[in-house]
Structures are given as structure tokens and as C-alpha cells.
Amino acid sequence: MTVWLARWLGPLLLVSLWGLSATASLLRRLGEHIQQFQESSAQGLGLSLGPGAAALPKVGWLEQLLDPFNVSDRRSFLQRYWVNEQHWVGEDGPIFLHLGGEGSLGPGSVMRGHPAALAPAWGALVISLEHRFYGLSIPAGGLEMAQLRFLSSRHALADVVSARLALSRLFNVSSSSPWICFGGSYAGSLAAWARLKFPHLIFASVASSAPVRAVLDFSEYNDVVSRSLMSTAIGGSLECRAAVSAAFAEVERRLRLGGAAQAALRRELSACGTLGSAENQAELLGALQALVGGAVQYDGQAGAPLSVRQLCGLLLGGGGNRSHSTPYCGLRRAVQIVLHSLGQKCLSFSRAETVAQLRSTEPQLSGVGDRQWLYQTCTEFGFYVTCGNPRCPFSQLPALPSQLDLCEKVFGLSALSVAQAVAQTNSYYGGQTPGANQVLFVNGDIDPWHVLSVTQALGSSESALLIRTGSHCLDMAPERPSDSPSLRLGRQNIFQQLQTWLKLAKESQVKGEV
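Residues numbered from 1 in each chain as written. Predicted model: local features only at pLDDT ≥ 70, side-chain atom pairs only at ≥ 80, totals over all residues. Heavy atoms only, no water.

1. What about the pattern of salt bridges?
In total, this model carries 13 salt bridges according to the counting rule given. Between D159 and R132 there is a salt bridge; the shortest N-O distance is 2.7 Å. Residue D159 is found in helix α5 (residues 153-170), and its partner R132 is found in the loop between β4 (125-129) and α4 (145-148); the two are separated by 27 residues along the sequence. In this structure D159 comes out as buried when scored by relative accessible area, which is 2%. Exposure remark for R132: the relative accessible area of 0% places this residue in the buried category. Of the charged contacts in the structure, one is a salt bridge between R491 and D483, with a shortest N-O distance of 2.7 Å. Each member of the pair, R491 as well as D483, carries the same accessibility label: buried. A single salt-bridge network, built from bridges that share partners, covers E250, R253, R254, E268 and R332. (Salt bridge = Lys/Arg side-chain N within 4 Å of Asp/Glu carboxyl O. Helix = DSSP H or I, 4+ residues; strand = E, 2+ residues; numbered from the N terminus. Buried < 20%, exposed > 50% of the residue type's maximum accessible area, 1.4 Å probe, protein only.)

If you want it as C-alpha cells, here you go:
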């Protein structure tokens, strides 16, 4: 997804998971923007932190092994964590561990949304752990290929284990206190996998919008986008989906015309790369896909520039004389709204500039780690969103080969190696049948990522919750008066599941004492 779109959608750990085509970059920008908006809004509300609030949150650093799988390699790096002790009842209380994903982790990770909202009920200590190679948790040596080989979900899980042991000592946590992991999006997968691989250390996990199945060609993403654009429950319609198709057809028509039409298109859609080459055209079309996909993925969330209802209104000429408006004009207005919201000037860049940015080994001290996440998609997950089937309302560009080409151009990794890596990831974690107990998978049915998650219970202790009209990680967002009944019910179900788990943990403690 394009870079600016990811900024739009950000600090709630909502950062989109796409590979770093123009489409992926924009979605990641959108995720970051939403996260930051929600954190700042929560802080503005004061959060009712009570006595001692001035001391919250606390930041700390753990020394972690760069290569935890090689006992002879003693190189290390500092991993950042945040702590909220306000509600903690002491060493026997539960620990809620909020895992970071593919972006920086700020103090809001322990102060708003769940698990922070759930902590008072059980007197929990809330800790968040920033993912290695993101934010300020970047090892010395930067982002060279020699370093990136220590970036993977398996390394991240090893960090969780090490952090769990070190933080237990640091805070004098009782050995019988249950540790419960929380995470959203990629971090939701990590939360589920932490319980799967280390059940003796992680008592249970809540995995929100967790795409546990890796996939090379993620055409299903746009299948869900297409369905959601037709959903009247969120302001969509058959006419809206048709308008999206018409707008994209008009963009492609103007691209084919070239000359003055193409130059006007570049100005009107804020494309900062020339549009003479097919690869630059694909960058623009991918960014436009991300804009529409982002409206669906983050529908109804505080800080999102456009909801599905608002996007459809623009495309169908709402607010003006429909006879003097076209879907293309509506798309132009949508671009302006999103760019203004993100504080960006460009919707897309040239392919050459995108590659140059991704080749840069200088770490970003905050926000989204584009190079790092692209590496993880190339070596573990894929997640390359395509539009190849007839139901897709967008252009068929960018196609899968051009997205895989980024792995080759930036890291020297072949398409075959990426496909093999995706298969290995599913083999190691189990895909959509991971086999972990005491995990609750939470998803929204309009979120395009839910098709890669667990949406039906796989057994009595591997539960699933599908929230009607819920978007990506919506259950993790701070509560709002406008929250839908289905979202409120979903949060109640999460609370009840925690209640069941913590009762089970208490019974285990009592048995252990006897």
C-alpha cells in the first residue's frame, strides 16, 4: 500500500500489513495516522488516571540477544517497553502484555483501548513490548541485509519469552500470576503464536484481526472490499460499487490517452511520479486501490479520513447536483480529503523513487518501518493484494509479479523464495488451524483481513468472535458513544472470556497452594 495511506491509518497498531507497493504504503500511512489520532484523543480526555497519573506511563529498556538461537553469539540490542502500574494489585495480579507489531509503540499502548481498559477490573499490570527492528528498538548496525536476517516473527516470539522472564523478575511478579497477551493485526498473530509455542509462559491470548494464514496472492482482500462497498449497513450500495468501477475505468482511460489527458490526471490525483511508464501507472492505481480499501478497512474509526458512507457519497455525487458530478470527480475529492488528513502532498511516487526509499538502510525513529515490513513480507508472509478476478472493482494493476519484483530489487530475493517462505510460515504456525488453546480470535466482518484469521471456534478453548460491521482492530479502539451494538456486545464477550480465563488461573493457583 502506498506510504501516505499507511500514515492515515496508524498508532492503534492498526498499521496495514500489505507488502510495500504503492497500495501497501498508503494503507500503512493510514493506519499510523488513525493510531496517532486515537492516542492523542485519549490523552486529551485525560483518561481518568487518578492519583499518580503524572508518573504514567513508564518507559523501560530490556537487553535482548540479537540472535537468540545462537548461544555463541552474545551481541545484543535494547528493546523498548512501556508500563502502566496504576491498577496493579501487586505481585499476585495478572499481567496484560500488549505486543507491538510493524511500527513504533508509544505510551498510548498501555493507556487506552484494551488491555488498558480491561486492567481495572482485575487489578492487572499493563506492559507493552515494542517489536525488534521497529520504533526505537533497532539494533546497532541499522537495516542492512546482514542485520535484517535477525528480523522475523520467530525472533519476535523469542523476545516475548525473554521479556516475560526478565519483567517477572524486575516487577517481582508471582510465578503463579497469569500472563495474557494482546495484539492487533500482525501483533495479533504474534499473540496467538506466543500462546501456541509457549503455553507454559503465556496463559491466554486475545488476537484481534490476526491474519494467521500467510498468503502470496491476497486477492481475497479486494473480494471483501467489493462486498463491503455494497453493504447497506455501512452506507454502501450496488450503485457505490459500480461508481468505484466507473471511476477506475476513467482513470485507466485517461492513462491510455497519454499526453494532455495524462498530465491533467497527474495533477488532479496528486501523482508525484511521471505517468509515462506502466510501472508508474501501476503505482498510482495501487495508491487509489489503497484509498478505497482503506475506507473499508478502517470504516467508522476515529481519525479515519473517510468512511464507506462518506466515500460512496462522494462517488455518487452526494451534497451536490448529481447530474454535474461523476464518479471520477468524487474520487478526486476523496484523494484531496485523504491527503489533507495525512498532511501529504503526493498520492503516489515513481517506482524508482519507491525502490530507492525501500533500499535506504537508515532507520526511521518513529512511525512505520517500511523497509523492515517489506522484508518480513518477502521472507515470511506475502500478503500481496491483487485485483485479478472479475469481481474486483479496481484496475488489475499492480499485478502480483510487479509486487514480487520489489523483493528482488530491494533485497535480491526471488519470487520462488518468497513463495517458499510463505509455505514455511503456514507449516510452522498451522495457518488458520493453529491448534492453540485459550486463544480468543476477534475479527470484524467488513475487515478484509478477517479472511486470513480464525472466524469460527476450532474447539472449546480456541474461540472466535466475528463482530458484525466491524473493521480492522476496531475492538481495540477506545470506546465511543457512537459504538455499534455489535461492537459493544463484542467487547462484553471479550470481557467474559477474560473472566473465565482468570477464574481458571485462580483455581490453578489455589490447587498449587494445596
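2. A word on the sheet that holds strand β10 (residues 462-467)
Strands in a sheet are paired, the pairing made by backbone hydrogen bonds, and the direction either parallel or antiparallel. Here we have 8 strands laid out as an open sheet, ordered β1-β2-β4-β3-β5-β6-β9-β10, and mixed in their pairing. The sheet terminates laterally at β1 (58-65) and β10, the two strands that pair on one side only. Shown here is a sheet whose adjacent strand axes are inclined to one another by a mean of 20°, direction ignored. Bridge count for strand β6 (residues 204-208) against strand β9 (residues 439-444) is 4 bridges, and the pairing is parallel. In the sheet register, S208 faces β9, and the bridge partner there is V442. Along the sheet, α5 makes contact with β1, β2 (76-84), β3 (95-99), β4 and β5 (179-184), crossing β1 at roughly 125°. (Pairing = 2+ DSSP bridges. Axes fitted to C-alpha atoms, helices over the stretch in contact; angles between N-to-C directions. Contact = heavy atoms within 4.5 Å.)

3. Observations concerning the nonpolar core
Counting 114 residues, the largest nonpolar core has I127, V251, L288, L291 and L311 as its most contacted members. The element best represented in this core is helix α10 (residues 278-297), accounting for 9 residues. Counting contributing residues per domain, this core is built from domain 1 (56-213 + 431-511) and domain 2 (226-369 + 386-410), each supplying no fewer than three. Apart from residues lying up to four places away in sequence, L311 is in contact with L229, L291, V292, A295, L306 and A334. Core analysis: the next-biggest nonpolar cluster, separate from the first, contains 25 residues, F96, W122, I180 and L440 among them. (Core = buried A, V, L, I, M, F, W, Y, C linked by side-chain atoms within 4.5 Å. Domains from an automatic or database assignment.)

4. Details of the state of the cysteines
All chains considered together, the criterion is met by 4 disulfides. The disulfide bridge from C240 ends at C312, spanning 2.0 Å between sulfur atoms. What sets the handedness of the C240 and C312 disulfide is the S-S torsion sign, and at about -80° it is left-handed. With C240 in helix α8 (residues 238-257) and C312 in helix α11 (residues 308-315), this pair connects stretches of sequence that are 72 residues apart. (Disulfide = S-S within 2.5 Å.)

5. Looking at the environment of A163
Note on placement: A163 falls in helix α5. Excluding residues that lie within four positions of it along the chain, A163 makes contacts with L62, Q64, L129 and S168.

6. Let's talk about helix α16 (residues 415-429)
Its 15 residues place the ends of α16 22 Å apart at the C-alpha level, agreeing with the 21 Å of an ideal helix rising 1.5 Å per residue. Those residues of α16 not exposed but buried are V418, A421, V422, T425 and Y429. Down the axis of α16, the buried set is contained in an arc of 100°. They therefore lie on one face. Residues of α16 that are exposed and point more than 90 degrees away from the buried face comprise L416, Q424 and S427. Tucked inside the fold, the buried residues of α16 contact α5, α6 (186-197), β7 (215-217), α14 (370-381), β8 (382-384) and α15 (400-411). Of the residues one or two after α16, G430 is the one with positive phi, at around 95°. (Expected span 1.5 Å × (residues − 1). Arc of directions from axis to C-beta.)

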